[in-house]
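Listed below are the residues making up each chain.
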Amino acid sequence: EDQVTQSPEALRLQEGESSSLNCSYTVSGLRGLFWYRQDPGKGPEFLFTLYSAGEEKEKERLKATLTKKESFLHITAPKPEDSATYLCAVRSGGSYIPTFGRGTSLIVHP
Amino acid sequence: SAVISQKPSRDICQRGTSLTIQCQVDSQVTMMFWYRQQPGQSLTLIATANQGSEATYESGFVIDKFPISRPNLTFSTLTVSNMSPEDSSIYLCSVVVGVGGNQPQHFGDGTRLSIL
């Protein structure tokens, strides 16, 4: 059974204070690791897909990296508008159905 | 990606009643899903909505409680039947656009349901 653990559950940063969110996973045959951003009152918004260890993807202040056991979402010089819950999900085998973590709630103070 | 519209966006319902949630996509999609999201919990898949056939339900979810329709490739409904306070949650529609098995899911903004 696939498992996804995200840490920390909550993170408070000052504007400009860089940090990383962690997503540890256990799957048999990774078919993709997905990062989403979810704002209050909204559905999850797709950010990145990573497929293999060593892969990196960037978007504005966000950079996602992947190893064989975990993924990091690095946030460089965050701004208050980066405040959201960040969800990680993994897909394995031939299924379209990913397993989601519980998310990390990020608050960036001005 | 696709534009996914869910209706209603929120509702407050009485115990024992039923509510149907609609999901409309602006393009034909191969896969449609219904999720439940409870505070502090991960997204939980209720079922895969199959076009022209019965939905495929995950363990713990049954058709009598959560009947699903998918009459075409752009539309689906989820009904929450005989509601109780435990059904208070966010219900999300999601879709996979394209083929290949590696495409991400895209989500609507959800229906926030409160049962009194």
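Owing to the predicted nature of the structure, the values given are computational and were not obtained by experimental measurement. (Residues numbered from 1 in each chain as written. Chains lettered and ligands numbered in written order. Predicted model: local features only at pLDDT ≥ 70, side-chain atom pairs only at ≥ 80, totals over all residues. Heavy atoms only, no water.)

Q: If you had to explain the pairing of strand β7 (residues 68-72) of chain B to someone new, which residues and values would you point to?
A: On a regular strand, each side chain points to the face opposite its neighbour's, so the side chains alternate between the two faces of the sheet. Residues and elements named next belong to chain B. In this structure, β7 lies alongside strand β8 (residues 75-80), joined through three bridges in antiparallel fashion. When the bridges of β8 are listed, Ile68 appears paired with Leu78. Linkage of β7 to β8, two consecutive antiparallel strands, is achieved through a turn of two residues. (Pairing = 2+ DSSP bridges. Helix = DSSP H or I, 4+ residues; strand = E, 2+ residues; numbered from the N terminus.)

Q: Pulling in residues and values, what's your account of the sheet that holds strand β3 (residues 19-25) of chain B?
A: Residue and element names in this part refer to chain B. A sheet is described by the order of its strands in space; here four strands give the open sequence β1-β3-β8-β7, paired in antiparallel fashion. Two strands bound the open sheet, and with one partner strand each, they are β1 (4-7) and β7. Direction aside, neighbouring strands of the sheet carry axes that sit 15 degrees apart on average. (Axes fitted to C-alpha atoms, helices over the stretch in contact; angles between N-to-C directions.)

Q: Could you give an account of the layout of surface pockets, with specific residues and numbers?
A: The space that makes up the largest pocket amounts to roughly 860 Å³. As for the largest pocket, its lining consists of 40 residues, and the residues nearest its centre are A:Gly101, A:Arg102, B:Gln41, B:Ser42 and B:Leu43. Where the lining of the largest pocket is concerned, the elements lending two or more residues are β1 (3-7), β9 (84-92), β10 (99-100) and β11 (104-109) of chain A together with β4 (31-37) and β5 (44-49) of chain B. Looking at the lining of the largest pocket element by element, the count peaks at four residues for β1(A). Considered class by class, the residues forming the lining of the largest pocket number 13 nonpolar, 19 polar and eight charged. Considering only enclosed or pocket space, the second largest pocket measures out at about 170 Å³ in volume. Residue lining of the second largest pocket: A:Pro44, A:Glu45, A:Phe46, B:Ser1, B:Ala2, B:Val3, B:Ile4, B:His106, B:Phe107, B:Gly108 and B:Asp109, and that is the complete set. Broken down by secondary-structure element, the contributors of at least two residues to the lining of the second largest pocket are β5 (45-50) of chain A together with β10 (105-107) of chain B. In the lining of the second largest pocket, the residues fall into six nonpolar, three polar and two charged. (1 Å grid on protein atoms, 1.4 Å probe; cavity = no way out; pocket = protein on both sides within 12 Å on 5 of 7 lines; lining within 4 Å. Points joined across faces, edges and corners; volume = space filled by probe spheres on them. Nonpolar A, V, L, I, M, F, W, Y, C, P; charged D, E, K, R; others polar.)

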